[in-house]
Structures are given as structure tokens and as C-alpha cells.
Amino acid sequence: MPKVLIAPSTLAKIEGPFLKALREAGFELVFPERAVQMTEDELLKKLQGISASLAGSEPYTRRVIEANPQLRVIARAGVGYDAVDLAAATERGIAVTICPGTNQDAVAEHTFTLMLALAKGLIPQHLATMDGKWPRGATLPLRGRTLGIAGLGRIGKAVALRGIAFGMPLLAYEPMPDMAFVQQHGIKLVPMDQLLAESDYLTLHIPLTPESRNLICTRTINLMKPTAFLINTARGGLVNEPELYEALKARKIAGAGLDVFDQEPPGNNPFFTLDNVVVTPHAAGVDLQSRDDMALASAQSIVALSVGGWPSHQIVNPDVRSRFKW
Ligand code: 8YV
């Protein structure tokens with residue numbers, strides 16, 4: 001019986017339609033020993049004998065891939081695939097799939113959670129009030145403040161729609177814009193440097209690539225308003241963390257909402273000593289609805305590939321098609 005690894009810690013011990021779909025297709029299901037993100041070494045071993053991985057954020061490096069020639073499919077239960085060495089997977093004839101359309105609303109809601117927490121001083125107010133203090137004072141509005149969206153794909157668009165509801169003027173940086181959406185919602189497209197300079201709340205929704213790594217660094221932070229907030233629910237590698245840390249410490253910008261880190265789990269990250277950050281554990285994409293939708297869509301891509309189908313809207317390495325064999 002072919003085996004599928006259910007890798008994401010968020011899916012440990014969850015019964016859902018995704019498991020039913022895989023069982024009905026005749027797969028044996030394998031789970032990690034512990035409900036935490038696997039390291040490269042743990043993943044390399046855990047994949048032995050596995051035909052398809054329903055993958056979380058664990059690292060599918062060349063070493064992991066080459067040590068597992070039986071692997072046919074890496075099905076990301078998410079939309080970002082920077083944790084997969086796509087060239088190595090393609091060389092080895094492994095199909096890599098994602099789940100477009102499943103988590104943009106969850107990420108957008110979380111983006112506003114972080115934005116509102118920063119604007120309203122939620123964490124310090126909560127802590128002080130619980131501590132018997134009564135720290136009343138004016139907080140910051142969202143309405144009328146410029147929302148800058150770096151990346152106007154599915155997630156950026158879901159953020160834009162919520163920004164409109166909050167009465168925020170919208171700026172966006174997007175190299176391949178959906179012009180119908182841009183025009184319908186009165187979004188002003190601007191170059192990246194202008195986005196940095198004019199945003200009151202700057203939110204990142206672009207993939208991590210060699211070009212986008214360290215997009216937020218001393219140079220770009222220096223373009224931002226000292227009153228601006230940065231929100232990152234995309235990938236930690238978009239930010240040069242030591243440079244952002246120094247900028248936040250020196251109050252070069254007002255604060256940051258960070259859901260993602262260059263190293264995850266981040267251990268003792270210096271950000272955790274700052275009072276102008278709000279942090280969450282790479283939680284933006286996963287709510288009860290999106291978790292089930294992502295899991296089911298990735299399970300369906302595995303099932304489809306196992307019976308000779310080709311779910312092209314989910315495949316991110318179409319070049320593998322001529323070499324793909326289940
Ligand atoms: C996922 C994400 O929840 O979509 C992505 O790429 O980062 C998240 O939404 C995460 O990868 C866990 O599967």
C-alpha cells in the first residue's frame with residue numbers, strides 16, 4: 001500500500017475530509033512522532049518509503065530529496081513553496097503542488113489582527129489592565145491612513161478588500177497586476193520605493209525568492225515614515241532581521257507585526273525583547289476553515305496524480321510532466 005506522510009504539525013490528530021480522501025484512494029497514512037515542525041534530518045528519515053508528502057513548512061532540500069528517490073509528490077498544504085528545492089524536485093521527477101485559493105482570507109484576517117493590535121496598543125493595554133492599571137490614552141486610527149500592499153496576488157487582494165472596509169486609501173506594488181481589480185477598487189499602483197515612503201501600514205504579500213530576500217533592510221527602512229508600521233505574514237526571509245531589529249530599537253519606524261521568521265521556530269530571537277513588536281507563530285494562514293481547505297486540496301492533488309491526473313492549477317513545476325511517473 002503506498003504511503004502518504006501527513007507532515008504539518010497543524011494536522012496532527014485532526015480527522016478531516018482530507019484523510020478520508022486519502023484512505024479511500026488506498027493510501028496508508030504516516031504521521032510524525034511529535035506535533036512540531038520536522039528538521040531537515042528528521043524529514044529525511046521520515047520520508048523513507050513514502051510516496052507522497054502532504055507537506056507543511058519543513059525543508060525539502062536537495063539532500064532530503066536525493067535521499068528519497070521513491071518520493072513522487074510534494075503537496076504543499078499552503079501556497080508558498082520556498083521550503084522546497086524546486087530544481088532538485090524537478091530533476092528527480094517529483095511533482096510539487098500547492099493550494100491556490102485556500103488561505104488568502106485567513107492571512108488577510110490575521111494581517112488585520114496584527115495591524116489593529118499595533119494601532120490600538122492591544123498587548124500593552126491588555127497587560128497593564130490585567131495588572132490593575134488603567135492606561136487610558138488615544139490610540140491610532142486605521143481609517144484615513146494609507147495601507148501599502150507589497151504583492152497584489154490573492155492574499156494582497158483579500159487584504160485590499162478589508163482595507164477598503166476600514167476606510168484606508170490603498171497603494172500597492174505589483175509587477176503583474178490584475179488591472180480590473182485595481183481599477184474596480186481604486187488602488188494606486190506604485191513602485192516599491194514609493195510604497196515604502198508613503199505607507200502608514202506596510203504589509204508584505206510577496207513570495208520569498210532570491211530577488212525578494214532581505215527586501216526590508218536598512219536602505220528600505222530608511223525610506224519609511226518614522227510613524228509607519230510593518231506587517232509580515234509572508235516569509236521571514238523578506239526581512240533582514242538584524243537590520244529591522246536595530247531600526248525598531250532606534251524607533252526608525254513605529255513598530256512591526258511579525259508572524260514569520262527567518263528561522264522557524266525562531267528560538268531566542270532578539271525581536272522578543274522589543275516593546276514595539278507583536279509576534280505570532282506562523283499562524284496567519286491557518287484557521288479552522290483554511291486548515292481544512294488546504295489539507296483537502298493537497299490531498300486531492302496527491303490522489304489525482306496517483307491515478308494519472310494532472311491538476312495543472314496546483315502544479316508549480318510543470319516541466320516535470322514528461323518525467324513524472326507515479
Ligand atoms: C501554511 C503558508 O499554513 O500558505 C503558506 O505558504 O505559509 C501557510 O499558510 C503553512 O505553510 C503550514 O502548512
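Residues numbered from 1 in each chain as written. Predicted model: local features only at pLDDT ≥ 70, side-chain atom pairs only at ≥ 80, totals over all residues. Heavy atoms only, no water.

Observations regarding the overall build of the protein chain
Note the following rule: To qualify as a helix, a DSSP run of H or I must reach at least 4 residues; to qualify as a strand, a run of E must reach at least 2; elements of each kind are numbered from the N terminus. Contacts are residue-level and defined by heavy atoms, with any inter-residue pair within 4.5 Å sufficient. Here, Shrake-Rupley sampling with a 1.4 Å probe gives the accessible areas, and only protein chains in the shown set may cover a residue.
Check the secondary structure of the protein chain and you find 12 helices and 12 strands. Long-range contacts, defined as pairs at least 24 residues apart, comprise 61% of the intrachain contacts of the protein chain with a sequence gap of at least 6. Entry remark: accessible area of the protein chain is about 15,400 Å², with carbon and sulfur atoms responsible for 55%.

A word on the nonpolar core
What counts, and what does not: To define a nonpolar core, start from buried Ala, Val, Leu, Ile, Met, Phe, Trp, Tyr and Cys residues and group those joined through side-chain atoms within 4.5 Å. Here the term buried applies to any residue with accessible area under 20% of the maximum for its type, exposed to any over 50%, and partly exposed to those in between, with areas from a 1.4 Å probe on protein chains only.
Grouped together as the largest cluster of nonpolar side chains are 30 residues, with contacts concentrated most on Leu204, Ile216, Leu230, Leu244, Leu248 and Phe271. Only α9 (192-198), β9 (201-204), α11 (241-249) and β11 (255-258) provide two or more residues apiece to this core. Per element, the largest residue contribution to this core is four residues, and it comes from α11. Here Leu248 is in contact with Ile253, Gly255, Ala256, Phe271, Leu274, Asn276 and Val277, once residues within four sequence places are set aside. In this structure, Leu118, Leu170, Phe181 and Val182 belong to the second largest nonpolar core, which totals 27 residues.

What to know about the site of the ligand
Condition: Working definition: residue near molecule or strand if any one of its non-hydrogen atoms lies within 4 Å of it. Here a polar contact means two N or O atoms within 3.5 Å. Within protein one must be a hydrogen donor candidate and the other an acceptor candidate, and residues neighboring in sequence count only if both atoms are side-chain atoms. Asp, Glu, Lys and Arg are counted as charged, while Ala, Val, Leu, Ile, Met, Phe, Trp, Tyr, Cys and Pro are counted as nonpolar; the rest, among them Gly, fall into the polar class.
Around the ligand, a shell composed of 13 residues is seen, among which Arg76, Val79, Gly80, Arg235 and His282 lie nearest. With respect to the ligand, the side chain of Arg76 contributes an N or O atom lying 2.7 Å from an oxygen atom. Within the side chain of His282, one N or O atom sits 2.7 Å away from an oxygen atom of the ligand. Coverage of the ligand by the protein chains reaches 91% of its 330 Å² of free accessible surface. Partitioning the shell around the ligand into residue classes produces four nonpolar, seven polar and two charged.

Comments concerning the side chain of Asn68
Summarising the element assignment, Asn68 is placed in the loop between α3 (62-66) and β4 (73-76). Residue classification places Asn68 among the buried positions, given a relative accessible area of 0%. Apart from the residues lying within four places of it in its own chain, the contact partners of Asn68 are Leu44, Leu47 and Gln48.

Concerning the pairing of strand β10 (residues 229-232)
Looking along a regular strand, one sees side chains alternate from face to face of the sheet. Test applied: Any two strands are treated as partners once DSSP identifies two or more bridges connecting them.
Burial of β10 is two-sided: the residues Phe229 and Ile231 facing one way and the residues Leu230 and Asn232 facing the other way are all buried. Pairing analysis gives four bridges linking β9 to β10, with the strands arranged parallel. Bridging across to β10, Leu202 finds its partner in Leu230. Across four bridges, the pairing between β10 and β11 is parallel. Paired with Phe229 across the bridge in β11 is Gly255.

Remarks on the sheet that holds strand β12 (residues 277-279)
To be explicit about the condition: Inter-axis angles, ranging from 0 to 180 degrees, are taken between N-to-C directions of lines fitted to C-alpha atoms, where helices are fitted over the stretch in contact.
In space, the seven strands of this open sheet follow the order β8-β7-β6-β9-β10-β11-β12, with parallel pairing throughout. Looking along the sheet, the strands with just one partner apiece sit at the ends: β8 (188-189) and β12. Here helix α5 (residues 104-119) sits on the sheet and contacts β6 (147-150), β9, β10, β11 and β12; the angle it forms with β10, its principal contact strand, is near 155 degrees.

Quick word on the layout of surface pockets
The test is simple: Using protein atoms alone on a 1 Å grid, points that fit a 1.4 Å probe yet trap it form a cavity, whereas open point sets bounded by protein on both sides within 12 Å along at least five of seven lines form a pocket; residues with an atom within 4 Å of a point count as lining. Grid points are joined across faces, edges and corners, and a volume is the space filled by probe spheres set on the points.
Considered as a void within the structure, the second largest pocket measures approximately 450 Å³ in volume. Its residues assigned to classes, the lining of the second largest pocket shows nine nonpolar, nine polar and six charged.

Here we look at the sheet that holds strand β3 (residues 52-55)
The parallel open sheet is built from five strands, whose spatial order is β2-β1-β3-β4-β5. The outermost strands of the open sheet, each flanked by one partner alone, are β2 (28-30) and β5 (95-97). On average, adjacent strands in this sheet sit at an angle of 20 degrees to one another, irrespective of strand direction. With three bridges connecting them, β4 and β5 associate as parallel partners. Each residue of the ladder has a partner; that of Val73, found in β5, is Ala95.

Describing the environment of Pro270
Inspection of the secondary structure assignment puts Pro270 in the loop between β11 and β12. Pro270 gets classed as partly exposed once you look at its relative accessible area, which sits at 43%. Sequence spacing of Pro270 and Met176 is 94 residues, and the spatial spacing of their C-alpha atoms is 36 Å.

A short note on the pattern of salt bridges
What counts here: Salt bridges are defined by distance alone: a side-chain nitrogen of Lys or Arg within 4 Å of a carboxyl oxygen of Asp or Glu.
Taken as a whole, this structure holds 18 salt bridges when the rule is applied. Taking the shortest distance from any N to any O, the salt bridge between Glu40 and Arg63 comes out at 3.3 Å. With a gap of 23 residues between them, Glu40 in helix α2 (residues 40-46) and Arg63 in helix α3 connect regions that are remote in the sequence. Judged by relative accessible area, Glu40 falls into the partly exposed class, the value being 26%. Its salt-bridge partner being Asp82, residue Arg235 comes within 2.8 Å of it at the nearest N-O pair. One end of the pair, Arg235, is in the loop between β10 and α11; the other, Asp82, is in the loop between β4 and α4 (86-91), and 153 residues separate them in sequence.

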